Amino acid sequence: MSLRLLAALTLCVAACHQNNGAGSPPPSGGDPTTATVHEVLTKPALVGRILNVTGRCLGYSAPFLAKGPSPLTRSDWQLEDQGEAVWVSGAMPTGCSATQPAVSPSTISALVAQDTLPILGGNGPSPRQYLVRQ
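As the structure is a computational prediction, the values presented were derived from the model and not from experiment. The residue numbers shown here count from 1 along each chain, following its written sequence. Residue-level local features of this predicted model are given only where pLDDT is at least 70; pairs of side-chain atoms are given and counted only at 80 or more, and the full residue set underlies all totals for whole chains, interfaces and linings. In computing side-chain properties, one takes all heavy atoms of the structure into account and sets aside hydrogens as well as water.

1. Considerations on the side chain of Glu80
Phase 1 of the analysis: Helix numbers and strand numbers start at the N terminus; a helix is a DSSP run of H or I with at least 4 residues, a strand a run of E with at least 2. Relative to the helices and strands, Glu80 is located in strand β3 (residues 77-81).
Phase 2 of the analysis: N or O atoms within 3.5 Å of each other form a polar contact, as long as, within protein, one can give a hydrogen and the other can take it, and as long as residues adjacent in sequence are counted only when both atoms are side-chain atoms. Among the polar contacts listed, one links the side chain of Glu80 to the backbone nitrogen of Gln82, at a separation of 3.3 Å.
Phase 3 of the analysis: Each residue touching Glu80, except ones within four places of it in the same chain, is listed here: Val37, Gly55, Arg56, Leu58, Leu65 and Ala85. We call two residues contacting when some pair of their heavy atoms lies within 4.5 Å.

In structure tokens, the structure reads:
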């Protein structure tokens, strides 16, 4: 297991324990095991949860829509939905490759992780969520 992946999983475990075992609230308006790309990007309360997320795989050679550099490996890829993308670490879904985005959306199951992007251009450090496939 890479050091970066171990660090990300440690952060996830710590985030889960911060709310004293109460668990994260479910995403609004739906199944508690399902979230949109937008919800993953904007709801830090989802960190530490394993969710089903639907979007179109863009691969890792496509223009970058996701925030910041790839979080864990050079092979991390982007999952896009409605013009927003989240980084995903792990296997790409069928029909997607590093250089060829998928034609249609697919649903993946992944752990929501969080890291902090460094200070850039006068902006302070900012947290970002990404996905880790099991």
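2. What about the confidence of the model for the protein?
Phase 1 of the analysis: Within the protein, residue pLDDT values average 81, and 74% of them lie at 70 or more.
Phase 2 of the analysis: Within a predicted model, pLDDT stands for the predictor's per-residue confidence, ranging from 0 to 100. Across residues 1-29, where pLDDT falls below 50, the model places 38 contacts with residues more than four positions away in sequence or in other chains.

3. Regarding the nonpolar core
Phase 1 of the analysis: To form a nonpolar core, buried Ala, Val, Leu, Ile, Met, Phe, Trp, Tyr and Cys residues must be joined to one another through side-chain atoms within 4.5 Å. Exposure classes here rest on a 1.4 Å probe applied to the protein chains alone. A residue is buried below 20% of its type maximum, exposed above 50%, and partly exposed in between. One finds Val40, Val53, Leu79, Ile108, Val112 and Leu131 to be the most contacted residues of the largest nonpolar core, which totals 18 residues.
Phase 2 of the analysis: Listed by contribution, the elements that provide at least two residues to this core are α2 (37-42), β2 (50-59), β3, β4 (84-89) and β5 (106-117).
Phase 3 of the analysis: Excluding anything up to four places from it in sequence, Ile108 contacts Leu51, Asn52, Val53, Trp77, Leu79, Val88, Pro93, Leu131 and Arg133.
Phase 4 of the analysis: Ranked by size, the runner-up nonpolar core spans 8 residues in total, among them Ala66, Trp87, Leu111 and Ala113.

4. Considering the state of the cysteines
Phase 1 of the analysis: Note on disulfides: each one is a pair of cysteine sulfur atoms within 2.5 Å. According to the stated counting rule, one finds 1 disulfide in the structure shown.
Phase 2 of the analysis: The disulfide partner of Cys57 is Cys96, and the S-S distance across this bridge is 2.1 Å. Taking the torsion about the sulfur-sulfur bond, which here is approximately -60°, the covalent link between Cys57 and Cys96 counts as left-handed. Linking Cys57 in strand β2 with Cys96 in the loop between β4 and β5, this pair joins segments that are 39 residues apart in sequence. One exposure class covers both Cys57 and Cys96, and it is buried.

5. Digging into the pattern of salt bridges
Phase 1 of the analysis: Criterion for a salt bridge: a side-chain nitrogen of Lys or Arg within 4 Å of a carboxyl oxygen of Asp or Glu. Evaluated as defined, the whole model comprises 3 salt bridges.
Phase 2 of the analysis: With its nearest N and O atoms 3.9 Å apart, the salt bridge here joins Arg56 to Glu80. You can see Arg56 sitting in strand β2 and its partner Glu80 sitting in strand β3, a full 24 residues away along the chain.
Phase 3 of the analysis: Residue Glu80 is classed as buried on the basis of its relative accessible area, which comes to 14%.

6. Quick word on unusual backbone geometry
Backbone phi values are negative for most residues with the exception of glycine, while trans is the configuration of most peptide bonds.
Phase 1 of the analysis: One non-glycine residue, Gln82, lies in positive phi territory at about 50°.
Phase 2 of the analysis: Topologically, Gln82 is positioned in the loop between β3 and β4.
Phase 3 of the analysis: Overall, Gln82 belongs to the exposed group, its relative accessible area being 74%.

7. Details of the environment of Asp76
Phase 1 of the analysis: When you line up the elements, Asp76 lands in the loop between β2 and β3.
Phase 2 of the analysis: Placed 11 residues apart in sequence, Asp76 and Trp87 show a C-alpha to C-alpha distance of 6.5 Å.
Phase 3 of the analysis: Apart from the residues within four sequence positions on either side, Asp76 is in contact with Tyr60, Ser70, Pro71, Trp87, Val88 and Ser89.
Phase 4 of the analysis: Side chain to side chain, Asp76 and Thr73 meet in a polar contact 2.9 Å long.
Phase 5 of the analysis: There is a polar contact of 2.8 Å between the side chain of Asp76 and the side chain of Ser89.

8. As for the environment of Pro93
Phase 1 of the analysis: Relative to the helices and strands, Pro93 is located in the loop between β4 and β5.
Phase 2 of the analysis: Classification of Pro93 by relative accessible area gives buried; the value is 11%.
Phase 3 of the analysis: A sequence separation of 13 residues divides Pro93 from Ser106, and the C-alpha atoms of the two residues are 7.1 Å apart.
Phase 4 of the analysis: What Pro93 contacts, discounting residues up to four positions off in sequence, is Cys57, Trp77, Ser106, Ile108 and Arg133.

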